[in-house]
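Listed below, chain by chain, are the residues.
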Amino acid sequence: MTAEEYLEGQVILIDKPLTWSSFQAVNKLKYILKRKYDLPKKFKIGHAGTLDPLATGLLIICTGKFTKKITEIQAQAKEYTGTITVGATTPSYDLETEVDATFPTEQITEGLILETTKQFLGEIDQKPPVFSAIKKDGKRLYEHARAGEEVEIAFRKTTIYEFEITRIALPEIDFRVTCSKGTYIRSLAFDFGKALQSGGYLSALRRTKIGDYSVVDGVSPEAFEKSLE
């Protein structure tokens, strides 16, 4: 690949490592490409959909003129695999924060789990987690949350196309889900735990697809750097 090709526009599929922010991954690639090709300061690069630091998987990075495609890519359906841990909740709905409440799990059977997934298929109302980057009163929700401020969060419409349970080893429930843009899998985990008359939080998450793009074709930032040598 030449400097001109990156400036004209490329779609790079990255398999984002655990604990990396999406911003870090974009910055790493920007640094790698600028160092390798001596690209101009105004070189455009951006990602098509954030992944939380505690999630791994597909991060689509667009360069040059292809940054105009970001909105179009973001609008496509997404596929995730992950684990919901039942019997407890956390304020962030994942492992970013400590467990704040525990609940019984004796009533949870395989039949109940499989039956409950049906409640979440199709268009659903979902409340984003308070630990999210959505803005309210000029501040990110997570800024309000970390300051201990109570904020009213409105429900949003989202669509779950598929919700498949792939392993049950209580308190862990593994799943695969395909969903529309704007779906919070952390909220799905929280709501699923509640629907089981218990609690639930997301203990693992991996994004596997965005539209026709698959993580199978993705590389780690380190592997991308080596491919340029």
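Reading the values: rules and limits
- Residues numbered from 1 in each chain as written.
- Predicted model: local features only at pLDDT ≥ 70, side-chain atom pairs only at ≥ 80, totals over all residues.
- Heavy atoms only, no water.
- Salt bridge = Lys/Arg side-chain N within 4 Å of Asp/Glu carboxyl O.
- Helix = DSSP H or I, 4+ residues; strand = E, 2+ residues; numbered from the N terminus.
- Buried < 20%, exposed > 50% of the residue type's maximum accessible area, 1.4 Å probe, protein only.
- Disulfide = S-S within 2.5 Å.
- Core = buried A, V, L, I, M, F, W, Y, C linked by side-chain atoms within 4.5 Å.
- Contact = heavy atoms within 4.5 Å.
- Arc of directions from axis to C-beta.
- Polar contact = N/O pair within 3.5 Å; in protein donor to acceptor, adjacent residues only side chain to side chain.
- Phe/Tyr/Trp six-rings, centres within 6.5 Å; stacked < 30°, edge-to-face > 60°.
- Lys NZ or Arg CZ within 6 Å of the ring centre and 35° of its normal.
- Patch = residues over 30% accessible without salt bridge, like charges linked within 9 Å, V, L, I, M, F, W, Y side chains within 5 Å.
- Areas by Shrake-Rupley, 256 points an atom, 1.4 Å probe, with all protein chains shown as cover.

Caption draft 1: Quick look at the pattern of salt bridges. Considering all chains together, one arrives at twelve salt bridges under this definition. Two residues, Asp-125 and Lys-157, come together in a salt bridge whose shortest N-O distance is 3.0 Å. Taken together, the residues Asp-125 in strand β7 (residues 122-126) and Lys-157 in strand β10 (residues 156-169) connect sequence positions 32 residues apart. Residues Arg-167 and Asp-174 are paired through a salt bridge, measuring 2.7 Å at the closest nitrogen-oxygen approach. According to the relative accessible area criterion, Arg-167 is partly exposed, its value standing at 33%. Under the relative-accessibility criterion, Asp-174 is labelled buried at 15%. Among the charged side chains, a network of salt bridges with common partners joins Glu-79, Glu-162, Glu-164 and Arg-176.

Caption draft 2: Geometry of the state of the cysteines. Evaluation of the coordinates by the stated rule reveals zero disulfides. Cys-62 forms no disulfide, and the closest cysteine sulfur to it belongs to Cys-179, at a distance of 19 Å. Given the relative accessible area of 0%, Cys-62 is considered buried. Residue Cys-179 is classed as buried on the basis of its relative accessible area, which comes to 1%.

Caption draft 3: Geometry of the nonpolar core. Core analysis: the largest hydrophobic core is formed by 24 residues, its most contacted members being Phe-163, Phe-175, Val-177, Ile-185 and Phe-192. Those elements that provide at least two residues to this core are β4 (78-86), β10, β11 (172-179), α6 (185-195) and β12 (200-210). If you tally residues by element for this core, the top one is α6, at five residues. Excluding its chain neighbours within four sequence positions, the residues that come into contact with Phe-175 are Tyr-80, Thr-81, Gly-82, Thr-83, Ile-84, Phe-163, Glu-164, Ile-165, Thr-166, Ile-185, Leu-202 and Leu-205. In this structure, Tyr-6, Ile-12, Ile-14 and Tyr-37 belong to the second largest nonpolar core, which totals 18 residues.

Caption draft 4: Representation of the environment of Gly-211. Looking at the element boundaries, Gly-211 is found in the loop between β12 and β13 (213-214). Along the primary structure Gly-211 and Ile-73 are separated by 138 residues, whereas in three dimensions their C-alpha atoms are 7.4 Å apart. With residues near it in sequence (within four places) discarded, Gly-211 still touches Gln-76 and Ala-77.

Caption draft 5: Structural context of helix α4 (residues 110-117). Taken as a whole, α4 has its buried residues at Ile-113, Thr-116 and Thr-117. Each buried residue of α4 lies within a common arc of 105° when the element is viewed along its axis, so the set occupies one face. For α4, the elements touching its buried residues are β10, β11 and α6.

Caption draft 6: Structural detail: the side chain of Thr-90. Among the structural elements, Thr-90 can be located in the loop between β5 (88-89) and β6 (101-102). At a separation of 2.7 Å, a polar atom in the side chain of Thr-90 contacts the main-chain carbonyl oxygen of Asp-94. Aside from chain neighbours lying at most four places away, what touches Thr-90 is Thr-97, Glu-98, Val-99, Asp-100 and Tyr-201.

Caption draft 7: Broad picture of the packing of aromatic side chains. For the structure shown, the criterion picks out six aromatic pairs. Centroid distance Phe-163 to Phe-175: 6.3 Å. Interplanar angle 85°. Geometry classified as edge-to-face. Placement of the pair is Phe-163 in strand β10 and Phe-175 in strand β11, with a sequence separation of twelve residues. Pair check on accessibility: Phe-163 and Phe-175 agree, each one buried. Feature note: the residues Phe-120, Phe-163, Phe-175 and Phe-192 constitute an aromatic cluster, connected by ring pairs. Between the NZ or CZ atom of Lys-69 and the centre of the ring of Phe-66, over which it lies, the distance is 4.8 Å.

Caption draft 8: Quick look at a nonpolar patch on the surface. Nonpolar side chains collect at one region of the surface, where Leu-18, Leu-54 and Leu-95 lie side by side and expose about 270 Å² of accessible area between them. The residue Leu-18 is located in the loop between β1 (11-16) and α2 (22-37) in this model. Owing to a relative accessible area of 48%, Leu-18 belongs among the partly exposed residues under this scheme.

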